[in-house]
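A closer look at the structure
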Amino acid sequence: MRILSPIASAEEAAPLLEGGADEFYCGIFPEQWYERWGRGAWPNRRGPGSANLERLDQLKELAAAVHGDQGGARPGGQRGDLYAAFNQQYYPDEQADFLVDIAEAIWKAGAIDAFIITDPGFMLQLRRRIPDIRLFASTVSVALNADSVRFFEDLGCERTILSRHI
């Protein structure tokens, strides 16, 4: 079993790794998002505020801590994996296009190991633009049976995160 933990800053990485967390997810709420859509529309299910990162340099710093590049790895060099959540249920076209550009910059920077996504249309956009991207279907996708898991697999998701009650 692997332990998945939310994370919002590099300072949280070492204690979470030492406590046994293996995987981490963070929210991205880009500064430019605020300028275009305010805080009423969110790019992920973490809401606006301190649970999110606003800049790529913050994400790179977090990634270095989680991946063990800043001494954050557990004894024996074990590192954590970092995922970015863009897991709203759907995005209007303008927001989706904006987030695809952000996701591409994040992926090219090598800062994360995969994206956690909910919107199937957005999954397809990401896959078309960034063919080697790693995608996970979010728990918000509400996969309730094997057919829904196969649906997300057909969209290129290598993991479907199931709801806690399943």
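Overview of the structure. (Residues numbered from 1 in each chain as written. Predicted model: local features only at pLDDT ≥ 70, side-chain atom pairs only at ≥ 80, totals over all residues. Heavy atoms only, no water.)

**Points about the packing of helix H4 (residues 93–109) against helix H5 (residues 120–129)**
Interhelical geometry of H4 versus H5 gives an angle of 45 degrees and a closest axis separation of 10 Å. By the angle between their directions, the pair H4 and H5 is classed as oblique. Regarding H4 and H5, the two cross each other, and that crossing is right-handed. Packed against H4, whose contacting residues are Ala-96, Asp-97, Leu-99, Val-100, Asp-101, Ala-103 and Glu-104, the element H5 presents Phe-122, Gln-125, Leu-126 and Arg-129 at the interface. (Axes fitted to C-alpha atoms, helices over the stretch in contact; angles between N-to-C directions. Helix = DSSP H or I, 4+ residues; strand = E, 2+ residues; numbered from the N terminus. Parallel < 35°, antiparallel > 145°, perpendicular 65-115°, else oblique. Left-handed = near helix turned anticlockwise from the far one by under 90°. Contact = heavy atoms within 4.5 Å.)

**Notes on H4**
If you check H4, its first and last C-alpha atoms are 24 Å apart, about what 17 residues at 1.5 Å a residue would give, namely 24 Å. Within the span of H4, buried status applies to Gln-95, Ala-96, Phe-98, Leu-99, Val-100, Ile-102, Ala-103, Glu-104, Ile-106 and Trp-107. Contacts from the buried residues of H4 go to strand S2 (23–28), helix H2 (31–37), helix H3 (56–66), strand S4 (81–86), strand S5 (114–117) and H5. Where H4 terminates, the next one or two residues include Gly-110, which has phi positive at roughly 70 degrees. (Expected span 1.5 Å × (residues − 1). Buried < 20%, exposed > 50% of the residue type's maximum accessible area, 1.4 Å probe, protein only.)

**Regarding the environment of Asn-52**
With respect to the secondary-structure elements, Asn-52 resides in strand S3 (residues 52–53). Since its relative accessible area comes to 8%, Asn-52 is described here as buried. Taking the C-alpha atoms as reference, Asn-52 lies 5.9 Å from Ala-8; in sequence the two are 44 residues apart. Apart from residues lying up to four places away in sequence, Asn-52 is in contact with Gly-27, Ile-28, Phe-29, Asn-44, Arg-46 and Gly-47. At 2.9 Å, the side chain of Asn-52 and the side chain of Asn-44 are in polar contact. (Polar contact = N/O pair within 3.5 Å; in protein donor to acceptor, adjacent residues only side chain to side chain.)

**Examining the packing of aromatic side chains**
Taken as a whole and assessed by the stated rule, the structure comprises 11 aromatic pairs. Each ring, one from Trp-33 and one from Trp-37, has its centre 4.6 Å from the other, and the planes form 50 degrees; the classification is tilted. Of the two residues, Trp-33 and Trp-37 both sit in helix H2, four residues apart, roughly one turn of that helix. Pairing Phe-86 with Phe-115 gives two aromatic rings, centres 5.7 Å apart and planes at 15 degrees, and the pair type is stacked. Here Phe-86, found in strand S4, pairs with Phe-115, found in strand S5; they are 29 residues apart in sequence, far enough to count as distant. The residues Phe-86 and Phe-115 share a single accessibility class, namely buried. (Phe/Tyr/Trp six-rings, centres within 6.5 Å; stacked < 30°, edge-to-face > 60°.)

**Some thoughts on the nonpolar core**
Counting 44 residues, the largest nonpolar core has Leu-82, Phe-86 and Phe-115 as the members making the most contacts within it. If one sorts the elements of this core by residue count, H4 sits on top with eight residues. With residues up to four places along the chain from it excluded, the contact list for Leu-82 reads Ile-7, Phe-24, Cys-26, Leu-59, Leu-62, Ala-63, Val-66, His-67, Ala-111, Ile-112, Asp-113 and Ala-114. (Core = buried A, V, L, I, M, F, W, Y, C linked by side-chain atoms within 4.5 Å.)

**Some words on the pairing of S4**
Here S4 lies mainly inside the structure; six of its six residues are buried. Covered by surrounding structure in S4 are Asp-81, Tyr-83 and Ala-85 together with Leu-82, Ala-84 and Phe-86, the residues of both alternating faces. As defined by bridge partners, S4 adjoins S5 across four bridges and the pair is classed as parallel. In the sheet register, Ala-84 faces S5, and the bridge partner there is Phe-115. (Pairing = 2+ DSSP bridges.)

**A word on the layout of surface pockets**
Size it by volume and the largest pocket reaches roughly 320 Å³. In terms of residue class, the lining of the largest pocket is built from eight nonpolar, four polar and three charged. Here the second largest pocket is characterised by a volume of approximately 150 Å³. In this structure, the second largest pocket is lined by Ile-28, Pro-30, Glu-31, Gln-32, Leu-53, Glu-54, Arg-55, Leu-56, Leu-59, Ile-102, Ala-105 and Ile-106. Breaking the lining of the second largest pocket down by element, the ones donating at least two residues are H2, H3 and H4. Element by element, the count of residues in the lining of the second largest pocket is highest for H4, at three residues. (1 Å grid on protein atoms, 1.4 Å probe; cavity = no way out; pocket = protein on both sides within 12 Å on 5 of 7 lines; lining within 4 Å. Points joined across faces, edges and corners; volume = space filled by probe spheres on them. Nonpolar A, V, L, I, M, F, W, Y, C, P; charged D, E, K, R; others polar.)

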